[in-house]
Amino acid sequence: MLSLRRKRGPGKYLGLPVSIVRLFNEGYMANRVVIGSQWGDEGKAKVVDFLTLDADIIVRFQGGANAGHTVEVGDQKFVFHLIPSGIMHADKVCVIGNGVVLDPIQTLAEIADLHTKGINPEGRLFIANNAHVVLPYHSTLDKAKEKKAGKAAIGTTGRGIGPCYSDKVNRIGVRVGDLMDERELRPRVEAMAKVHNEEFTVMYDVPAIDPEVVIKDYLELGQKIKPFVIDVSEYLYKAVKAGKRLVFEGAQGTILDVDQGTYPFVTSSNTVAGYASCGAGLGPTALDEVWGVVKAYTTRVGNGPFPTELLDETGDTLRKIGNEYGATTGRNRRCGWFDAPVVRKATVVNGLTHLAITKLDVLDTFDTVKICTHYECDGEKLEFIPNQLSKVGRCTPVYEELPGWKQDTTKCRSYDELPENAKKYLQRMAELVDVKIGMISIGAKRDQSIVIDAGLAKGLKL
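Let us look at the structure shown here. (Residues numbered from 1 in each chain as written. Predicted model: local features only at pLDDT ≥ 70, side-chain atom pairs only at ≥ 80, totals over all residues. Heavy atoms only, no water.)

### Points about the overall build of the protein chain
Phase 1: Secondary structure summary: the protein chain contains 13 helices and 23 strands in total.
Phase 2: Buried positions account for 57% of the 462 residues belonging to the protein chain.
Phase 3: Of the contacts formed within the protein chain by residues at least 6 apart in sequence, a portion of 75% connects residues at least 24 apart. (Helix = DSSP H or I, 4+ residues; strand = E, 2+ residues; numbered from the N terminus. Buried < 20%, exposed > 50% of the residue type's maximum accessible area, 1.4 Å probe, protein only. Contact = heavy atoms within 4.5 Å.)

This is how it looks when you write it as structure tokens:
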């Protein structure tokens, strides 16, 4: 077992002991996928930031600016929507893959913010030339559709992600490479306007798209992001051949996956580990491990079924202690107890090899804690969250109650230092979903992390 301690000075790397860079088996060149195992907001950014210490390249492979990843380093807080959080490491390369829908305005704003904090991303940030572009009318259409839907609204962020993915699959989208050449951009924007303007004016009563304005503005944006744009698939292929270690960073969570989630209350992309290959332009043989990030309880932003949701004082307490407000929207997150059927589903569809458990410290003050072990639905015992939306809504969670630990875990820096009841809770989580624990987070800071070696992780699996 290895642990982190907050130290600075000679022999340290980003405030950590140099040895921590070799967290995992010496000589093992693992490429790791990090995905959310619940409804998103599990704390993936911190886990990615930590695993980046053992990597060379960090790849964002799906989603768009509807994701908000927050990392705290020292006294600085970084909120990323598109750029991988690994950009904070001066010797790491970050890649935005073709599976992402890119908002150039948001990307340039994040680049500017990094500069104000003394971080230069030039030469270390690359954007796929075949990633699709979020255009202004995508956001307009997103908000108009939500407004028209009324009570049936999905609860999107309004960032235009769904409409952009729709244009992608309808084969009328604009890709990053098109922004560099008017001969490519003009016919695509004009065709897009022809398809959407009647929809805008007749169905949604919003202004029509002016192709000339879009073409002018986005050719200018194209020149600003041009230094970062490359063929990502070729770049990553050569990196893998050269023995570079990769971390693939997902957005949202498994139960928001457009295929595997609580459809239609899902995001517009595939959030599962298998899409890391598609969204980065690499074959699946490049993927070695899949780390599922899991909160010690459960949260959800937006509409849709949530079997373990707590609409009482306990839910309010979880929200307050855990600061459960969306990094992108600021919306209250809905809170509930840990839901094993949800994480079992994530285990199966992602092929999880490790759990990274976050926010254990949020439960420090509870007298007792509960775990949903399974559901009961129409007289049937269910161990996995169902695919049918109406069936999820009829599920009754069945809980197992465990004693709380009533101790501060935020100062623990090894598994052995954790309270006994906290260990029992972790062991039960791992046992119920049949995945070993690789890491435990007990605070927002980088050093508030406990790494468990293979032997101890196997012990936790039980």
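We are not done yet, so read on.
### With respect to the pattern of salt bridges
Phase 1: Evaluation of the coordinates by the stated rule reveals 29 salt bridges.
Phase 2: Across the pair Glu-212 and Arg-186 runs a salt bridge whose closest N-O atoms are separated by 2.7 Å. Residue Glu-212 is located in helix 6 (residues 211-225), and its partner Arg-186 is located in helix 5 (residues 182-204); the two are separated by 26 residues in the primary sequence.
Phase 3: Of the residues examined, Glu-212 reaches a relative accessible area of 42% and is grouped as partly exposed.
Phase 4: When its relative accessible area of 23% is taken as the criterion, Arg-186 is described as partly exposed.
Phase 5: What you see here is one network of salt bridges that share partners, running through Arg-32, Asp-54, Asp-56, Arg-245 and Glu-289. (Salt bridge = Lys/Arg side-chain N within 4 Å of Asp/Glu carboxyl O.)

### Details of the pairing of strand 14 (residues 289-295)
Phase 1: With seven of seven residues buried, strand 14 lies mostly within the body of the structure.
Phase 2: Residues of strand 14 alternate between two faces, with Glu-289, Trp-291, Val-293 and Lys-295 on one and Val-290, Gly-292 and Val-294 on the opposite face, all of them buried.
Phase 3: Sheet topology places strand 4 (residues 32-36) next to strand 14; five bridges connect them, and they run parallel. Bridge pairing links Ile-35 to Gly-292 in strand 14.
Phase 4: By the bridge criterion, five bridges tie strand 14 to strand 18 (residues 354-358) in an arrangement that is parallel. Following the sheet pairing, Val-293 is matched in strand 18 by Ala-356. (Pairing = 2+ DSSP bridges.)

### Considering the environment of Gly-283
Phase 1: Its location among the elements puts Gly-283 in the loop between helix 8 (275-280) and strand 14.
Phase 2: Sequence-wise, Gly-283 and Ser-233 are 50 residues apart; in three dimensions their C-alpha atoms are separated by 9.7 Å.

### Focus on the nonpolar core
Phase 1: Core analysis: the largest hydrophobic core is formed by 114 residues, its most contacted members being Leu-360, Leu-363, Tyr-425 and Ile-440.
Phase 2: Beyond its immediate chain neighbours, meaning those up to four positions away, Tyr-425 contacts Ala-296, Phe-338, Leu-360, Leu-363, Val-369, Lys-370, Ile-371, Leu-402 and Trp-405.
Phase 3: Grouped together as the second largest cluster of nonpolar side chains are 12 residues, Ile-255, Tyr-375, Cys-377 and Leu-382 included. (Core = buried A, V, L, I, M, F, W, Y, C linked by side-chain atoms within 4.5 Å.)

### Examining the pairing of strand 4
Phase 1: Taken across its five residues, strand 4 has five buried, putting it largely inside the fold.
Phase 2: Of the two faces of strand 4, the one lined by Arg-32, Val-34 and Gly-36 and the one lined by Val-33 and Ile-35 are each fully buried.
Phase 3: One ladder, built from three bridges, connects strand 4 with strand 13 (residues 246-249); its direction is parallel. Within the sheet, the bridge partner assigned to Val-33 lies in strand 13 and is Phe-248.

### Considering helix 5
Phase 1: Taking the largest bend as the criterion, helix 5 deviates by roughly 40°, centred on His-196.
Phase 2: Residues Leu-185, Val-189, Met-192, Ala-193, His-196, Asn-197, Glu-199, Phe-200 and Tyr-204 constitute the buried set of helix 5.
Phase 3: Where helix 5 begins, one side-chain oxygen reaches toward the backbone nitrogen of Arg-183, 2.9 Å away; that side chain belongs to Asp-181. (Bend = angle between axes of the 7 residues up to and from the residue. Polar contact = N/O pair within 3.5 Å; in protein donor to acceptor, adjacent residues only side chain to side chain.)

### Let's talk about the packing of helix 2 (residues 104-116) against helix 6
Phase 1: It is the contact of helix 2 with helix 6, at a shortest axis distance of 10 Å, that shows an interaxial angle of 35°. Considering only the axes of helix 2 and helix 6, their crossing is left-handed. Here Pro-104, Ile-105 and Leu-108 of helix 2 come into contact with helix 6, specifically with Tyr-218, Leu-221, Lys-224 and Ile-225.
Phase 2: For the contact of helix 2 with helix 6, the per-class residue count stands at six nonpolar, no polar and one charged. (Axes fitted to C-alpha atoms, helices over the stretch in contact; angles between N-to-C directions. Left-handed = near helix turned anticlockwise from the far one by under 90°. Nonpolar A, V, L, I, M, F, W, Y, C, P; charged D, E, K, R; others polar.)

### Section: unusual backbone geometry
Phase 1: Across the junction of Tyr-263 and Pro-264, the peptide omega takes the value 10°, indicating a cis bond.
Phase 2: Phi at Gln-252 takes a positive value of approximately 60°, unusual for a residue other than glycine.
Phase 3: Among the secondary structure elements, Gln-252 is positioned in the loop between strand 13 and helix 8.
Phase 4: We classify Gln-252 as buried; its relative accessible area is 9%.

### Looking at helix 4 (residues 161-169)
Phase 1: Among all positions of helix 4, only Ile-161, Gly-162, Pro-163, Cys-164, Tyr-165 and Asp-167 are buried.
Phase 2: Note on helix 4: the residue one or two positions beyond its end, Arg-171, has a positive phi of about 65°.

### Thoughts on empty space enclosed by the protein
Phase 1: Within the structure shown, the criterion is met by one cavity of 30 Å³ or more.
Phase 2: The space that makes up the largest cavity amounts to roughly 40 Å³.
Phase 3: Secondary structure elements with two or more residues in the lining of the largest cavity: strand 7 (76-80) and helix 2. (1 Å grid on protein atoms, 1.4 Å probe; cavity = no way out; pocket = protein on both sides within 12 Å on 5 of 7 lines; lining within 4 Å. Points joined across faces, edges and corners; volume = space filled by probe spheres on them.)

### Re the packing of aromatic side chains
Phase 1: Overall, the coordinates contain five aromatic pairs when judged by the stated rule.
Phase 2: Taking the centre distance of 5.2 Å and the plane angle of 55° together, the rings of Trp-39 and Phe-306 count as tilted. With Trp-39 in the loop between strand 4 and helix 1 (44-51) and Phe-306 in the loop between strand 15 (298-300) and helix 9 (313-322), this residue pair connects regions lying 267 residues apart in the sequence. Exposure class is identical for Trp-39 and Phe-306. Each is buried.
Phase 3: On the numbers, 5.7 Å between centres and 50° between planes, the contact of Trp-405 with Tyr-425 is tilted. (Phe/Tyr/Trp six-rings, centres within 6.5 Å; stacked < 30°, edge-to-face > 60°.)

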